[in-house]
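# Working through the structure, step by step
Chain by chain, the residues run as shown.
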Amino acid sequence: MGHAYRANARVDVKSPTFLARLEGWRPARSLLWQGIRGALPPALGLMRGRCRVDGHRIHFVHGGGRRDAPVLFLHGFGSIKENWLQMRPLIGGYRMIAPDLPGFGESHFHADQSYDFVSQARRVAAFIESVARGPVHLVGNSMGGAIAAYVASTRPDLVRSLVLMNAAGVPGSEQSAFERTVMSGKNTLVPKTLAHTRRLAEFVVARGAVMSWAVAPVLHAEMRHRYHVNHRIFSDILDVPEDPRHVFARISVPTLVLWGDSDRVLSASSAHVMASIIPGAKCRVLRLPTEA
């Protein structure tokens, strides 16, 4: 898929014009987003924190109980730590940690560094050592799922258990709508216009038509600001020097592969393939309830 995307890509991430746009890029300073990011965590009993990893300033939210090991959440491509806040009431007495992965949200991006799965997994491992100071229950969604799998495969001493939610990394027996689009060189996860952002919201959320009109105007400015960065990171994650199936096969921690049957980004057929590769993994595919 990576070869097909690069051959047909409509954005050249190596062109001088594109590279010039990346130099000196910094996260947006939207007053609206700053207000949201400042208000939501305290309302849920969480705190905001930051640390330095591999030359990146990483922003994260954390808090909650001290039961067992903390639960660390890794978001998907184009997403942010705040998307995990809805999980806070569900994890009971466990401590919750959710970072903006390097290159996303409030965390730093550097044009001269790579954001492939291997590099990001190395940074997440360093983040766990710095912030959690011990093993974690690791939960990753989509791109974050692939990064979580790489962490578990290379640093099992840092992972107590692993949950892979609609995780990238292992192709299924069928292609999703997004995967077919990527083969043609178009990336719907990196919108440029407000209309594209609305379509993205509808695409990634089941029954997201109403949400697309409510949320898209707020998201659009942020997505537009990140347009070149997201294209560059997407190009990086297509760099896989080793067959990811070999990486997943080396996972030795208790693993749950969790998927939604209506996922249009990554085919649900990947769930059973992925679970069959990971030794001892359990698999559950969640069905979208029919509307009354």
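A brief report on the enclosed structure follows. (Residues numbered from 1 in each chain as written. Predicted model: local features only at pLDDT ≥ 70, side-chain atom pairs only at ≥ 80, totals over all residues. Heavy atoms only, no water.)

Let us look at the environment of G2. Here G2 shows up in helix α1 (residues 2-8). With relative accessibility at 18%, the residue G2 sits in the buried group. Distance in space between the C-alpha atoms of G2 and H272 is 22 Å, their sequence separation being 270 residues. (Helix = DSSP H or I, 4+ residues; strand = E, 2+ residues; numbered from the N terminus. Buried < 20%, exposed > 50% of the residue type's maximum accessible area, 1.4 Å probe, protein only.)

Before going further, it helps to spend a moment on the pattern of salt bridges. Summed over all chains, the structure comprises 14 salt bridges. Of the charged contacts, one joins R123 and D54 as a salt bridge, the two residues approaching to 2.8 Å between their closest N and O atoms. Taken as a pair, R123 in helix α4 (residues 117-132) and D54 in the loop between β1 (47-53) and β2 (56-64) lie far apart in primary sequence, 69 residues in all. Here the salt bridges share partners, and the residues they tie into one network are R37, R48, K81, E82, D100 and E106. (Salt bridge = Lys/Arg side-chain N within 4 Å of Asp/Glu carboxyl O.)

Glancing now at the sheet that holds strand β5 (residues 136-141). Overall, mixed pairing links the 8 strands, which are arranged β1-β2-β4-β3-β5-β6-β7-β8 in an open sheet. Lying at the two open borders of the sheet, with one neighbouring strand each, are β1 and β8 (282-286). Averaged over all pairs of adjacent strands, the angle between strand axes in this sheet comes to 20 degrees, irrespective of strand direction. Along the sheet, helix α11 (residues 269-277) contacts β6 (159-165), β7 (255-260) and β8; its crossing angle with β7, the most-contacted strand, is approximately 170 degrees. (Pairing = 2+ DSSP bridges. Axes fitted to C-alpha atoms, helices over the stretch in contact; angles between N-to-C directions. Contact = heavy atoms within 4.5 Å.)

Let us look at helix α3 (residues 31-43). Counted at 1.5 Å a residue, the expected span for α3 with its 13 residues is 18 Å, and the 19 Å between its end C-alpha atoms agrees. W33, R37 and P41 are the residues of α3 that are buried. All buried residues of α3 project into a common sector of 45 degrees when viewed along the axis, lining one side. Residues of α3 that are exposed and point over 90 degrees away from its buried face: L31, P42 and A43. (Expected span 1.5 Å × (residues − 1). Arc of directions from axis to C-beta.)

So, about the packing of α4 against helix α5 (residues 143-154). Between α4 and α5, the shortest axis-to-axis distance is 8 Å and the interhelical angle comes to 70 degrees. Overall, the two elements α4 and α5 adopt an arrangement that is roughly perpendicular. Seen from above, α4 lies across α5 with right-handed handedness. Contact residues: F117, V118, Q120, A121, V124 and I128 in α4; M143, A146, I147, Y150 and V151 in α5. (Parallel < 35°, antiparallel > 145°, perpendicular 65-115°, else oblique. Left-handed = near helix turned anticlockwise from the far one by under 90°.)

The next subject is the side chain of E179. Take E179: it is sitting in helix α6 (residues 177-183). Despite being buried, E179 has no salt bridge partner; R180 is the closest side chain of opposite charge, sitting 6.9 Å away. Not counting residues within four places of it along the chain, the set of residues in contact with E179 comprises M1, E174, V265, L266 and S267. (Lys, Arg positive; Asp, Glu negative; His and termini not counted.)

Taken as a whole and judged by the stated rule, the model has 9 aromatic pairs. When the ring of F73 is compared with that of W84, the centres are 4.8 Å apart and the planes differ by 35 degrees; the resulting orientation is tilted. Of this pair, F73 sits in strand β3 (residues 71-74) while W84 sits in the loop between β3 and β4 (95-99), and the two are 11 residues apart along the sequence. On the basis of relative accessible area, W84 is assigned to the buried category, the value being 6%. Each ring, one from F77 and one from F104, has its centre 5.8 Å from the other, and the planes form 80 degrees; the classification is edge-to-face. With F77 in the loop between β3 and β4 and F104 in the loop between β4 and α4, this residue pair connects regions lying 27 residues apart in the sequence. There is no split in this pair, since F77 and F104 are both buried. By way of ring pairs, the aromatic residues Y5, F77, F104, F178 and F234 are connected into one cluster. Directly above the ring of Y115 sits R123, whose terminal nitrogen or CZ lies 4.8 Å from the centroid. (Phe/Tyr/Trp six-rings, centres within 6.5 Å; stacked < 30°, edge-to-face > 60°. Lys NZ or Arg CZ within 6 Å of the ring centre and 35° of its normal.)

Pairing between β6 and β7: 4 bridges, direction parallel. When the sheet's bridge partners are listed, V163 is paired in β7 with L256. A crossover links β7 with its parallel partner β8, the connecting element being α11, and its sense is right-handed. (Right-handed = clockwise from strand over helix to strand, strands pointing away.)

Moving on, we come to α5. With 12 residues, α5 should reach 16 Å at 1.5 Å per residue; the first-to-last C-alpha distance of 17 Å fits that figure. Of all 12 residues that make up α5, 11 are buried, and the element is covered over most of its length. Among all positions of α5, only M143, G144, G145, A146, I147, A148, A149, Y150, V151, A152 and S153 are buried. At its buried positions, α5 is contacted by β3, α4, β5, β6 and α10 (244-249).

This brings us to unusual backbone geometry. A positive phi is found at D54, a non-glycine position, where the angle reads about 55 degrees. The backbone of D68 shows a phi angle near 55 degrees, a positive value even though the residue is not glycine. On the secondary structure map, D68 appears in the loop between β2 and β3.

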